[in-house]
Protein chains: 2
Amino acid sequence: MYKAPVEEIAFTLKHVAGLGDAIEAGLLGDLGDDLVDAILHEAGRFATDEVAPLAEVGDRQGSRLVDGRVVTPDGWRDLYKNWIAGGWNGLTAPEDFGGQALPHMLNVAALEMWNSGSMAFALCPTLTMGAIEAINSHASGELKNTYLAKLVSGEWTGTMNLTEPHAGSDLGVLKTRAERRDDGTYRIFGQKIFITWGEHDAADNIIHLVLARLPDAPAGTRGISLFLVPKFLVNADGSLGARNDLFAHSLEHKLGIHGSPTCTMIYGDGKFGEEKGAIGWLVGEENKGLACMFTMMNNARLAVGMQGVAIAEAATQKAVAYARERVQGKAPNWAGGGMSPIIDHPDVTRTLLTMKALTQGARAISYTCAHAIDMSHRAADRKQHWQERAALLTPIAKSFSTDVGVDVASSGIQVHGGMGFIEETGAARYLRDARIAPIYEGTNGIQAIDLVTRKLTLSDGDQVHGFIAELKQIADQVRHSNLGGFGATANRLDSAITDLGEATDWLLAQVRDAKVAEALAGATPYQRLFGLVLTGCYLAKGGLAQAPAGGAEGRIALCRFAAENLLSEVTALKDSVINGAASLAAAKIVLA
Amino acid sequence: MYKAPVEEIAFTLKHVAGLGDAIEAGLLGDLGDDLVDAILHEAGRFATDEVAPLAEVGDRQGSRLVDGRVVTPDGWRDLYKNWIAGGWNGLTAPEDFGGQALPHMLNVAALEMWNSGSMAFALCPTLTMGAIEAINSHASGELKNTYLAKLVSGEWTGTMNLTEPHAGSDLGVLKTRAERRDDGTYRIFGQKIFITWGEHDAADNIIHLVLARLPDAPAGTRGISLFLVPKFLVNADGSLGARNDLFAHSLEHKLGIHGSPTCTMIYGDGKFGEEKGAIGWLVGEENKGLACMFTMMNNARLAVGMQGVAIAEAATQKAVAYARERVQGKAPNWAGGGMSPIIDHPDVTRTLLTMKALTQGARAISYTCAHAIDMSHRAADRKQHWQERAALLTPIAKSFSTDVGVDVASSGIQVHGGMGFIEETGAARYLRDARIAPIYEGTNGIQAIDLVTRKLTLSDGDQVHGFIAELKQIADQVRHSNLGGFGATANRLDSAITDLGEATDWLLAQVRDAKVAEALAGATPYQRLFGLVLTGCYLAKGGLAQAPAGGAEGRIALCRFAAENLLSEVTALKDSVINGAASLAAAKIVLA
């Protein structure tokens, strides 16, 4: 059973991702080490003791549509009530509406633990957090006053309604329409698919954020507006009024995250209300809806990245525990009597170390991304630098972490042997749940396009070059540390960082020369390359940070394992980036 | 919907894997191109038109245990009847018992197609084929006469009962016991788990092959005997007699292959018959049971490898079809109006080409392994050489193909975007089904141990060195072909083959020096390395073979794509093999 790795998380936050520096610089107000530890400890307890035990029933029962109502799995309504009572929903939310305005770093750390407990459950508050952010950033004062406090407390939940059957990655072609009414409201008509927690029985109201098109809107992404569309209308005194004209038509039958109801939502079908059309309120300006969505995109993408980290952590814990208990055969150099624990078989050792290194790498990348987001709001200066850093790291955090989630979950099944294929073991659920994360909130292919065409070019390449220079400093510190346990780490990091630099410059040159096809052909290998280099660097940073206090042998040894085993892939990836495009174009004929 | 790629399969058999040479050398009797094509065409038709349409219902309903009977999914009993009627069960079986004694190459090609149609269904005859082989090789004439004809026709099915809860990879500790009776029979007592198609309603009788231990047997693997234990006893006239004392206690609830009943079998519980104990007959000699099982291990492992190829092929077909139809966004250089098919987005192109190259590589490796098996039986001389070649290729065919199956199925989901996560789409089933193949019939980690410690050392390393020399000839042929479409293929192959040689020699040196831990630490990376090099070489061989007849552009372009994109991983893997062991040993402390 999952146990939240609170100490490891606290260490990574403070000593690898920058929380310690931010506290020391006085950028986080009263927040000190003690409060950080207390919050993480309590979030970990909630994830371990309350969320994780209900994951299996959630997977088995799923959320079901019964007579038009979505019934959540046994125990989940109470779980959600406890969630609200714990005040977890408003960790980073504005204080004006009852939130705690804590840094995002703490929230993503807590999100990781809740998602490890149950990704299907944690999705619900994740969506609400996104809605809070969008409303707080773009909605009118009246809308904020009406909706935010209840969303921040968690009494009401939020959703994002983007996708339509023909409009997934390309939102420019969405068809849901909005009509203006004289009273300043709008009527929304259309169908949205894949709406996570679009309908359920755990909260009193559900606040939908819906992208739609006005009759006179320009074509494409410049003609999309964002609307707030509540399930129940809200009276002037804050009490709930009539049911709005929207409903969940059906739930998807999915590979994983069964507890999370994935709804097809119908707006304006005339099922409820006197006049056809779901009543909505504009958020932000007309035709600027996509920009409003993009505001919260960084956070939402990072939140999905946390799902990858979360599943990888939980799957690794489970596999390590099984490999310690299960005995089979005799490992080389096995001195005990009888059979060895399979953890001693070198191949299993390799698998588990790889799982552990990738998980810790993905965690460090994601927390570092959250740190950049925090700094972009709180730093005294260089705000643009931090915005760019967050923007650069977001696609990597999302894609690398979610790919790691799938790979590690798959390896976790393998470590369990035949038992891994049996659903009751629980290892298979991690793979089933993890598999959606590389897809939603922008597929990892879309992240790679974003990384190469929009993020590398920030400040004309200075942002990424500055970042690479910082990574080089970590390699230098390893070299000068004289810590023998690092083995060949310094050389391996140097080589990998050089490869990253070369691949970066090659891609920047393609983008500059408008050779988009060439740049995009290597985008995904480049994205993984970047994630691997960061994994090596951040594992090293952790080892260096702990060394003065002693007890760093494990961190340093894991870093060395990653440097001497996982980083060799970097050169191969660079080769694909720089030399792969021509053969890719030539081979397209076999797909015709 | 899956369509059997009969022409591609025929081409690979004849021109890559060696079927053409064997026919030309007169080693396959009357078998000529026409008959090969006719068999493949008809097997493909059966897979496409009869098996594939029933895969979804099999997955959805699964096989169920109802009042002690295993009920197969709707339509599967008739499907199995048609299977028998088609004569498919006895393709390679001995002619004396009604089989067609055709080469294994044809059988694995057909197995691929049936598994693409439904892996859960194809498992049933796969197990029967294994039972036929074990009985034919080791059982007494009386047992053969009693059981083989019905197994060859498929009227009865066969199973393999190896695993017990505490004895999976390590069969030496199994506890099922056998007691001698004066009439020459035995009584079997014990519990076996994970018994594929251990009980079902599609055949009149089920013939279990059961590993068990005699009371006076030596400890470990030298004390295991193999028994034939029929569900129904067989009367002297061949008719079915009393029910034997064995039954399926429960079915597993699995991640995939739901149509295939995975049974816990109880022997000798007293549920049936007057005297407690399931009646069994010895196959082979007492205490030599494991050797009997090993006889059929090569074929069984190769058959599982075919499942990997099969799922990869089906998943690739599905993803390519979707990527052609689905339009979204505008690809670079897109000249059409509206949105592009996603197949034109470079990242999707890369994914699909990778899927295709790996699938074809795994297929060529597996067919080549089957060719070696055939030659070991049929060649006029060098039988030992061919036995060794088959032995060397078997772990690679099993592990590389099944890893490819999982990776390609996962990529297939990704290409489908959100639709890939919806079960009705069918892409997720491929991943769920594929995930067992790297585990059963010897985990891929076990295959790697086998490859490094028992296969590289064949003929003191001469076998593998000779094989590498053959691969080098393919690289030379590419170099001298002057076919520009190959791009840098010759250089890439040369480099990869050199890496393979170095990794091989390093591992041989470790094994020679009894540095087993060091050798095993790199066993899995080496196994993948070998598979990738073979993929590159066999894609090249296909391109070279087709070039004289024209129309080879696609093969050559796909080979170039693989050489310039996938083979770069080879150097990284070699590095892990040779330089990874020390850091692996050092990092074990983080798992303590």
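Here is what the cut-offs are and how they apply
Residue positions within a chain follow its written sequence, with the count starting from 1. Lettering for chains starts from A, numbering for ligands starts from 1, and both go in the order in which the items are written. pLDDT decides what is reported in this predicted model: residues at 70 or higher carry local features, side-chain atom pairs at 80 or more are listed and counted, and totals for whole chains, interfaces and linings draw on all residues regardless. Water and hydrogen atoms were dropped before computing side-chain values, which therefore reflect all heavy atoms in the structure. UniProt positions are given in the numbering used here, feature names are shortened, and annotations may be inferred rather than shown by experiment. What counts as a helix is a DSSP run of H or I of at least four residues, what counts as a strand is a run of E of at least two, and both are numbered from the N terminus. As a reference, a globule follows 2.2 Å times the number of residues to the power 0.38, and the radius of gyration itself is taken over C-alpha atoms. A simple rule labels every residue: compare its accessible area, found with a 1.4 Å probe on the protein chains alone, to the largest value its type can have, and call it buried under 20%, exposed over 50%, or partly exposed in between. By the convention used here, residues are in contact when the closest approach between their heavy atoms is within 4.5 Å. Charge assignment in this entry is limited to Lys and Arg as positive and Asp and Glu as negative, and neither His nor the chain termini are counted. To locate a charge, the coordinates of NZ of Lys, CZ of Arg, CG of Asp or CD of Glu are taken. Any Lys or Arg side-chain nitrogen found within 4 Å of a carboxyl oxygen on Asp or Glu counts as a salt bridge. Polar contacts, as used here, are pairs of N or O atoms within 3.5 Å; protein pairs need one atom able to donate a hydrogen and one able to accept it. Residues neighboring in sequence count only if both atoms are side-chain atoms. Think of it this way: DSSP has to see at least two bridges between two strands before they count as a pair. Put simply, buried area is the surface a 1.4 Å probe can reach on two separate parts but cannot reach once they are joined, added for both. Under the convention adopted here, Pro, Cys and the residues Ala, Val, Leu, Ile, Met, Phe, Trp and Tyr are nonpolar, Asp, Glu, Lys and Arg are charged, and Gly plus all remaining residues are polar. Superposing the copies works by least squares over the C-alpha atoms of residues that have pLDDT at least 70 in both of them. Take the residue count of a helix, subtract one, and multiply by 1.5 Å to get its expected span. The reported bend at a residue is simply the angle between two axes, fitted to the 7 residues ending at it and to the 7 residues beginning with it. The quantity called pLDDT is the predictor's confidence in a given residue, expressed from 0 to 100. The criterion for an aromatic pair is that two Phe, Tyr or Trp rings (for Trp, the six-membered ring) have centres within 6.5 Å, with stacked assigned to planes under 30 degrees apart, edge-to-face to planes over 60 apart and tilted to the rest. Within this scheme, the nonpolar core is defined by two criteria: the residues are buried Ala, Val, Leu, Ile, Met, Phe, Trp, Tyr or Cys, and they are joined through side-chain atoms within 4.5 Å. Delimitation of the domains relies on an automatic or database domain assignment.

In the nomenclature of an unreviewed UniProt entry, chain A corresponds to 3-methylmercaptopropionyl-CoA dehydrogenase from the organism Rhizobium altiplani. Under Catalytic activity (unreviewed entry), UniProt gives the following word-for-word description of chain A: "3-(methylsulfanyl)propanoyl-CoA + oxidized [electron-transfer flavoprotein] + H(+) = 3-(methylsulfanyl)acryloyl-CoA + reduced [electron-transfer flavoprotein]".

Asker: Would you mind showing me how to read the overall build of chain A here?
Answerer: From N to C terminus, chain A includes 20 helices and twelve strands. Since a compact globule built from 592 residues should have a radius of gyration of about 25 Å, the 24 Å found for chain A is in line with a globular shape. Expressed as lengths along the three principal axes of its C-alpha atoms, the size of chain A is roughly 75 × 60 × 60 Å. Within chain A, the fraction of its 592 residues that count as buried is 64%. The long-range share in chain A, meaning contacts at least 24 apart out of those at least 6 apart in sequence, stands at 73%. Looking at chain A, you have 53 positive and 67 negative side-chain charges, and the mean spots of the two groups are 4 Å apart.

Asker: Would you take a moment to explain the UniProt feature "domain: Acetyl-CoA dehydrogenase-like C-terminal" (unreviewed entry) in chain A for this structure?
Answerer: According to UniProt, the "domain: Acetyl-CoA dehydrogenase-like C-terminal" (unreviewed entry) feature falls on residues 468-586 of chain A. Within residues 468-586 of chain A, the helical portion is 84% and the strand portion 0%, while the C-alpha atoms at the span's ends are 33 Å from each other.

Asker: Looking at this structure, I do not really get the pattern of salt bridges. What am I missing?
Answerer: Between side chains of opposite charge, a pair can form when the charged atoms approach closely. One pass over the structure, following the stated rule, counts 66 salt bridges over all chains. Aspartate 476 of chain B is paired through a salt bridge with lysine 472 of chain B; the nearest N and O atoms lie 2.9 Å apart. With aspartate 476 of chain B and lysine 472 of chain B both in helix H14 (residues 462-481) and four residues apart, this pair spans about one turn of that helix. Aspartate 476 of chain B sits in the partly exposed class, given a relative accessible area of 26%. One network of salt bridges, with partners in common, ties together Arg177, Glu179, Arg181, Arg187 and Glu275 of chain A.

Asker: Sorry, what's going on with the side chain of serine 116 of chain A here?
Answerer: Residue and element names in this part refer to chain A. Position of serine 116 among the secondary structure elements: in helix H6 (residues 104-117). On the accessibility criterion, serine 116 (1% relative accessible area) is buried. For serine 116, the side chain forms a polar contact with the main-chain oxygen of alanine 310, separated by 2.8 Å. For serine 116, the contacting residues outside a window of four places in its chain are Tyr2, Ala310, Glu313 and Ala314.

Asker: Got a minute to help me understand the pairing of strand E6 (residues 205-212) of chain A in this structure?
Answerer: For a regular strand, the rule is simple: side chains alternate between the two faces of the sheet. Residue and element names in this part refer to chain A. E6 sits mainly inside the fold: eight of its eight residues count as buried. Covered by surrounding structure in E6 are Asn205, Ile207, Leu209 and Leu211 together with Ile206, His208, Val210 and Ala212, the residues of both alternating faces. Bridge count for strand E3 (residues 156-161) against E6 is six bridges, and the pairing is parallel. Within E6, the position partnered with asparagine 161 by the bridge is valine 210. In this structure, E6 lies alongside strand E7 (residues 225-230), joined through six bridges in antiparallel fashion. Residue pairing in the sheet places alanine 212 in a bridge with serine 225 of E7.

Asker: Any chance you could explain the interface of chain B and chain A here in plain terms?
Answerer: Buried accessible area, meaning the area lost when the parts come together, often serves as the stated size of an interface. Chain B puts 87 residues into the contact, and the matching count from chain A is 87 residues. Summed over both sides, the interface of chain B with chain A buries roughly 7100 Å², with 62% coming from carbon and sulfur. When residues of chain B are sorted by the area they lose upon contact with chain A, Leu255, Phe421 and Leu591 of chain B head the list and together hold 12% of the total. Viewed at the interface, chain A and chain B are joined by four salt bridges. Between arginine 492 of chain B and aspartate 575 of chain A there is a salt bridge, with the nearest N and O atoms lying 2.5 Å from each other. Run the count over chain B and chain A and you get 41 residue pairs in polar contact (both at pLDDT 80 or more). When grouped by side-chain class, the residues that make up the side of chain B that touches chain A number 40 nonpolar, 26 polar and 21 charged.

Asker: Looking at this structure, I do not really get the relation of the copies chain B and chain A. What am I missing?
Answerer: For these two chain copies, the linking operation is a rotation about an axis paired with a shift along it. Screw-axis analysis of chain B against chain A gives a translation of 0.0 Å along the axis, an RMSD of 0.0 Å, and a rotation angle of 180°. Such values leave the two copies arranged in the relation of a two-fold axis. Distance from the rotation axis, computed per C-alpha, reaches its smallest value in chain B at glutamate 569 of chain B: 3.1 Å. A share of 100% of the interface residues of chain B reappears at the interface of chain A, consistent with the copies meeting face to face through the same patch.

Asker: Sorry if this is basic, but what is going on with helix H9 (residues 289-325) of chain B here?
Answerer: Each turn of an α-helix holds 3.6 residues, which means side chains three or four residues apart point in the same direction. Counted at 1.5 Å a residue, the expected span for H9 of chain B with its 37 residues is 54 Å, and the 54 Å between its end C-alpha atoms agrees. Helix geometry: H9 of chain B is bent most strongly at methionine 297 of chain B, by close to 45°.

Asker: Help me out: how do you make sense of the confidence of the model for chain A in this one?
Answerer: The predicted structure's coordinates, where accompanied by low pLDDT, should not be read in detail. Predicted confidence across chain A gives a mean pLDDT of 97, with 100% of residues reaching 70 or more. On the interface metric, ipTM, the complex scores 0.98, and its pTM is 0.98.

Asker: I'm lost on the packing of aromatic side chains in this one. Help?
Answerer: What describes a pair of aromatic rings is the distance from one ring centre to the other and the angle between the planes of the rings. Under the definition given, this model contains 22 aromatic pairs over all chains. On the basis of an interplanar angle of 65° and a centroid distance of 6.4 Å, the ring pair of tyrosine 80 of chain A and phenylalanine 121 of chain A is categorised as edge-to-face. Of this pair, tyrosine 80 of chain A sits in helix H5 (residues 76-85) while phenylalanine 121 of chain A sits in helix H7 (residues 119-138), and the two are 41 residues apart along the sequence. There is no split in this pair, since tyrosine 80 of chain A and phenylalanine 121 of chain A are both buried. For the ring pair tryptophan 83 of chain B and phenylalanine 121 of chain B, a centre distance of 6.2 Å and an interplane angle of 80° mean the geometry is edge-to-face. With a gap of 38 residues between them, tryptophan 83 of chain B in helix H5 (residues 76-85) and phenylalanine 121 of chain B in helix H7 (residues 119-138) connect regions that are remote in the sequence.

Asker: Quick question: what am I supposed to make of unusual backbone geometry here?
Answerer: Glycine aside, residues mostly have negative phi, and peptide bonds are mostly found in the trans state. Even without glycine at this site, phenylalanine 194 of chain A takes up a positive phi of about 60°. For phenylalanine 194 of chain A, the position within the fold is in strand E5 (residues 186-196). Given the relative accessible area of 22%, phenylalanine 194 of chain A is considered partly exposed. Non-glycine residue isoleucine 257 of chain B carries a positive phi angle of around 35°. As for its placement among the helices and strands, isoleucine 257 of chain B is situated in the loop between strand E10 (246-251) and strand E11 (262-267). When its relative accessible area of 4% is taken as the criterion, isoleucine 257 of chain B is described as buried.

Asker: Any chance you could explain the side chain of lysine 231 of chain A here in plain terms?
Answerer: Residues and elements named next belong to chain A. Along the chain, lysine 231 falls in the loop between E7 and strand E8 (232-234). The class of lysine 231 is buried, set by a relative accessible area of 7%. Lysine 231 has contacts with Glu199, His200, Asn205, Ile206, His208, Ala242, Arg243, Asn244 and Leu246, leaving out every residue within four places of it along the chain.

Asker: Would you take a moment to explain the pairing of strand E3 (residues 156-161) of chain B for this structure?
Answerer: Most of E3 of chain B sits inside the fold, with six of its six residues counted as buried. With burial as the criterion, each face of E3 of chain B is covered, one bearing Trp156, Gly158 and Met160 of chain B and the other bearing Thr157, Thr159 and Asn161 of chain B.

Asker: Before we go on, may I ask you to explain the UniProt feature "domain: Acyl-CoA dehydrogenase/oxidase C-terminal" (unreviewed entry) in chain A in this structure?
Answerer: UniProt marks residues 287-451 of chain A with the feature "domain: Acyl-CoA dehydrogenase/oxidase C-terminal" (unreviewed entry), using the numbering shown here. For residues 287-451 of chain A, helix accounts for 72% and strand for 0%, while the C-alpha atoms at its two ends are 26 Å apart.

Asker: How should the nonpolar core be read in this particular structure?
Answerer: When a protein is soluble and globular, its nonpolar side chains tend to lie buried together. Ranked by internal contacts, the top residues of the largest apolar core, which has 374 residues, are Trp114 and Tyr526 of chain A together with Trp114 and Tyr526 of chain B. If one sorts the elements of this core by residue count, H9 of chain B sits on top with 17 residues. A domain-level breakdown of this core finds at least three residues from each of domain 1 (29-287) and domain 2 (444-587) of chain B.

Asker: Sorry, what's going on with the environment of phenylalanine 227 of chain A here?
Answerer: Looking at where phenylalanine 227 of chain A falls in the secondary structure, it is placed in strand E7. Apart from the residues lying within four places of it in its own chain, the contact partners of phenylalanine 227 of chain A are Ala178, Tyr186, Ile188, His208, Leu209, Val210, Ala212, Leu214, Trp281, Leu282 and Val283 of chain A.

Asker: How do you make sense of the environment of serine 340 of chain A when you look at a structure like this?
Answerer: Residue and element names in this part refer to chain A. Within the secondary structure layout, serine 340 lies in the loop between helix H9 (289-325) and helix H10 (346-378). Using a relative accessible area of 0% as the deciding quantity, one classes serine 340 as buried. For the pair serine 340 and valine 327, spaced 13 residues apart in the sequence, the C-alpha separation amounts to 5.1 Å. Serine 340 has contacts with Arg326, Val327, Gln328, Gly329, Lys330, Ala331, Trp334 and His345, leaving out every residue within four places of it along the chain.

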